[in-house]
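Listed below are the residues making up each chain.
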Amino acid sequence: MALRPAQVNLKALDDSAVGRFWAEALGWSVYRPGVTAYVGPVGGFVWPDPVAIGINVITVPEPRTTAKNRVHLDLATTSAAHQAELVARLKALGATPADVGQGEVPWTVLADPEGNEFCVLEPREVYRDTGPIAAVVVDCADPRAMARFWDEALDWTLHEVADDHAVLRSAKGAGPYLEFLRTPGVKTVPDRVHLDLLPYPGDDKAAEVARLRALGAADLDLGQGDVPWTCLTDPEGHEFCVLAPS
């Protein structure tokens, strides 16, 4: 048994506006399969996408705090000219420069219209085949511990693990990476961004949740009530959900 990341869940005051931004940013489309705005590759709504990880934007009443998100997206580029063009286009769409203490770095840190940070990376060979999202990046205190948990939680392949970072990717060798970076600071508030995981057809969701708890996940009550998904946290407190197969 194992789980796969199905989507990035992004909370917003205005799911339509934030969904439009991310669709334009990635060259994707916005779909409305229900009460959320789902951003996925063009060509029609496919869920879960066999390669990409979509973005599910959900409206919440609470505004974003000033605390930096502990989960963010890195966007891929193919050349220095592409990076500069993409940054300019994103700013025209409503992105703003963000200072998270990065200093002088070759990538550009921006925030979406509701303040969620993301990075536009300089061209890197490792991300040549990921699609527009190079990586989902998680700040953490102990990348090795995160690698142990998430390597067991997912059916993805562990590519690298070191004291300062750990990297996983789908065993299919396609789509974005999942990266854990040792980062100063601690998690103090619920994130606006988290992963939603999905069992494979025929797998037992309850058994998967029990397996995650045995690996070190903890139950999370956000006032969600009686819903078909299960909210959990990983060993460092990052929220994630296990969705019901549909």
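Trainee: Teacher, can you tell me more about the side chain of Thr-230 here?
Mentor: Locating Thr-230 in the fold gives a position in strand S15 (residues 230–233). Within the structure, Thr-230 has its side chain in polar contact with the side chain of Lys-205 (distance 2.7 Å).

Trainee: I would appreciate a short explanation of the packing of aromatic side chains in the present structure.
Mentor: Each aromatic ring pair is characterised by the separation of its centres together with the angle its planes make. Evaluated as defined, the whole model comprises 10 aromatic pairs. Aromatic pair Trp-150 and Phe-240: ring centres 5.2 Å apart, planes at 65°, arrangement edge-to-face. Remark: Phe-240 occurs in strand S16 (residues 239–242) and Trp-150 occurs in helix H3 (residues 143–153); sequence separation between them is 90 residues. Exposure remark for Trp-150: the relative accessible area of 4% places this residue in the buried category. Residue Phe-240 is classed as buried on the basis of its relative accessible area, which comes to 1%. Positioned above the aromatic ring of Tyr-200 is the side chain of Arg-4, whose terminal nitrogen or guanidinium carbon lies 4.3 Å from the ring centre.

Trainee: Would you mind going over the nonpolar core with me for this structure?
Mentor: Most often, soluble globular proteins have nonpolar side chains that are buried together. In terms of nonpolar packing, the biggest core is built from 51 residues, with Trp-22, Leu-90, Trp-150 and Leu-178 touching the most fellow members. If one sorts the elements of this core by residue count, helix H1 (residues 15–26) sits on top with six residues. Dropping the residues within four chain positions of it, Trp-22 is found in contact with Leu-10, Val-39, Ile-55, Leu-73, Leu-75, Asp-112 and Phe-118.

Trainee: What should I look at first to understand helix H4 (residues 205–215) in this one?
Mentor: Turn by turn, an α-helix covers 3.6 residues, leaving residues three or four places apart pointing in a common direction. For H4, every residue scored as buried is listed here: Lys-205, Glu-208, Val-209, Arg-211 and Leu-212. Buried residues of H4, seen end-on, are gathered within an arc of 160° and therefore sit on one face of the element. Facing away from the buried side of H4 by more than 90 degrees, the exposed set consists of Ala-206 and Ala-214. Buried residues in H4 make contact with strand S1 (3–12), H3, strand S13 (193–199), S15 and S16. Gly-216 sits one or two residues past H4 and shows a positive phi near 125°.

The rules we used
Residues numbered from 1 in each chain as written. Predicted model: local features only at pLDDT ≥ 70, side-chain atom pairs only at ≥ 80, totals over all residues. Heavy atoms only, no water. Helix = DSSP H or I, 4+ residues; strand = E, 2+ residues; numbered from the N terminus. Polar contact = N/O pair within 3.5 Å; in protein donor to acceptor, adjacent residues only side chain to side chain. Phe/Tyr/Trp six-rings, centres within 6.5 Å; stacked < 30°, edge-to-face > 60°. Buried < 20%, exposed > 50% of the residue type's maximum accessible area, 1.4 Å probe, protein only. Lys NZ or Arg CZ within 6 Å of the ring centre and 35° of its normal. Core = buried A, V, L, I, M, F, W, Y, C linked by side-chain atoms within 4.5 Å. Contact = heavy atoms within 4.5 Å. Arc of directions from axis to C-beta.

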